[in-house]
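An overview of the molecular structure
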Amino acid sequence: MENKTFYNEVVTDHNMHPLHKHEITDPDLVLDGVNPSCGDEISLQLKVIGGIITDGSFVGDGCAVSQASADIMLELIIGKPVDEAKRLSALFLKMIKSEATEEEIEELEEAGALEDISHMPARVKCAVLGWRTLDEMIERLDKK
Amino acid sequence: MREKVQEYRKLFPLLSKDIAYLDNAATTQKPLPVLDAVRKYYEEDNANPFRGVYDLSERATERYENARAKTAAFINADGPENIVFVRNASEALNLLAYSWCGDNLNEGDEIVVSVMEHHSDFLPWKHMAEKKKARIVRLDPDENGYISDETLDNVLSEKTRIVALTQVSNVLGRVNDIKHIAEKVHRAGALISVDGAQSVPHMKVDVKDLDCDFLSFSGHKMFAPMGIGVLYGRKELLDAMSPFMYGGEMIQTVHWDRVTYAETPHKFEAGTVNVGGAVGLDAAIDFINSVGWELIETREEVLTKRAMLGMKDTSGISVLGSGDWKDHKGIVTFLVDGVHPHDTADILGRAGVCVRAGHHCAQPLMDYLGVKSTCRVSFAFYNTEEEVDRFLEELSKVRGLMGYGK
């Protein structure tokens, strides 16, 4: 059996040396995300000023896929408007469902490294944990 | 012995695939004699048992009751009336907790539950204790899973009504000395319920020798199909217990204003029963008896020893519980330094090595040991040295694949 792996360098690197795994001071938004079946958990923190995500971070515990995916997501959305983050998150979910075009995957930059997860149903929930939490956060923000 | 194992392996269709199936504590694969027996039952003897007076229904009843007698003999129970068929050990423990506690537990009473119990041997007791305003008293083994006399003495009191304890921990693999513990529990005036899910498939369990009051186990962990399990109980205790589920087949007479329930064990088996599963369990017991405990235990020891010594030689691997292979009944739970267990199990899985990752339905034990989740490798007698070596080989690559040591 071939030991093909989506544990590529992008994923292992973000897992071992995350850029955004820490607390930030005075976050505007904090939301916990959990995968009850496997115990992955993250707490996502964002700072939003004038509709722009000016800073963000996460803390948590879980598999490399869940942790790296959250780190990659933050790298992508920091500095972007909330609406853009929402759009990118939708693109990511599209990619995980194997429905995204090559151009769309390119827009996701490093998150494109998680494309192969779409063939691993058991790991999809790990990959989307951070994004799902982000979506919920934005939804709550919209309702305010 | 290795040649014999090769012969037995041929009886397991699934083992012919190119995988190393090392998740036997979760469920075992099924041999042809079991699969054939179930198929033959459905082809030749299937009818709703107990109901029909025609020959076919009588045959189905006979097959079911034969399985009960076979199971009773297997664990050296007094007789078939000590055996209640259920879906699995979880259902057995739920039946017991609901029914026994419902009838016998009072406010202020204590139930002793060890911290290493499977959620199935914790949550039903916890639920009933809360309902009855009784107290759950936690029994903590040492970090190797050992329960000392002192530990036991500290939790037993005149308020203790029942002790719920596993014979083999599904995480630590440790065998508890039930015979000794049961004696102490009885001396304290309490009952002991033994979770045999991980022991009955791997060693001779004799309820008379252990002197346990209840024993629960699942068929699917001992080569039988999923959906058949056993609650053993002392006859007088089962007789005194109320039914757990109500419905067809568990009554003698039902009138609008008065009901008489069936005798033990039928009063606990409402609805159409799982004859096919019971026939499979019957065949699985025959299979285990034909293989023999000597071969089963020796082979599992050989494999456990080989795995644990190999893991000791692999950098970045730590084993939970005792470091001595003799303390592991075919179950070894471990961590790979810096790698989340799900990633480890995923990487091994891609290489065809099936191991379990997660909390193994024993989160209180995970908390107690200070870990969130772990990987577990568990053996059956049909596993081979080659499979252990394949596991070790793939395990040694995990840290590298996750970017360590580059």
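Residues numbered from 1 in each chain as written. Chains lettered and ligands numbered in written order. Predicted model: local features only at pLDDT ≥ 70, side-chain atom pairs only at ≥ 80, totals over all residues.

All names here are of chain B. Strand order in the open sheet formed by seven strands is β2-β8-β7-β6-β5-β3-β4, and the pairing between neighbours is mixed. One side of each edge strand has no neighbouring strand; the edge strands of this open sheet are β2 (83–86) and β4 (135–139). Within the sheet, the average angular offset between the axes of one strand and its neighbour, ignoring direction, is 20°. Where helix α7 (residues 178–187) meets the sheet, it contacts β5 (160–166) and β6 (191–195), and its direction lies at approximately 155° from that of β6. (Pairing = 2+ DSSP bridges. Helix = DSSP H or I, 4+ residues; strand = E, 2+ residues; numbered from the N terminus. Axes fitted to C-alpha atoms, helices over the stretch in contact; angles between N-to-C directions. Contact = placed C-beta atoms within 7 Å.)

Next up on the list: α7(B). It helps to recall that an α-helix has 3.6 residues per turn; residues three or four apart then point in one direction. Residue and element names in this part refer to chain B. Every buried residue of α7 is accounted for by I178, I181, A182 and V185. Seen along its axis, α7 keeps its buried residues to an arc of 100°; they face one direction. Away from its buried face by more than 90 degrees, α7 exposes K179 and R187. Taken from the residues just after α7, G189 is the one with a positive phi, measuring 85°. (Buried ≥ 20, exposed ≤ 12 C-beta atoms within 10 Å, placed from the backbone. Arc of directions from axis to C-beta.)

Facing the 15 residues of chain A at the interface are 16 residues of chain B. In terms of residue count, the dominant contributor to the side of chain A that touches chain B is helix α1 (residues 9–16) of chain A (three residues). Residue classes in the side of chain A that touches chain B are distributed as six nonpolar, five polar and four charged. (Nonpolar A, V, L, I, M, F, W, Y, C, P; charged D, E, K, R; others polar.)

To continue, consider the domain arrangement of chain B. Residues and elements named next belong to chain B. Per the domain assignment, the segments making up chain B are domain 1 (2–30 + 292–401) and domain 2 (34–289). Distance between the C-alpha centres of domain 1 and domain 2: 27 Å. Listed as interface residues are 26 residues of domain 1 and, on the opposing side, 30 residues of domain 2. Within the residue set of the side of domain 1 that touches domain 2, elements represented by two or more residues are α11 (293–312), β12 (331–336) and α13 (363–369). Tallied by class, the residues present in the side of domain 1 that touches domain 2 amount to twelve nonpolar, eight polar and six charged. (Domains from an automatic or database assignment.)

Attention shifts here to the confidence of the model for chain A. A residue-level look at chain A finds 97% of positions with pLDDT of 70 or above and a mean pLDDT of 90. Within chain A, the element-level pLDDT minimum falls on helix α5 (residues 121–143) of chain A, averaging 91, and the maximum on helix α2 (residues 64–77) of chain A, averaging 96. (pLDDT = per-residue confidence, 0-100.)

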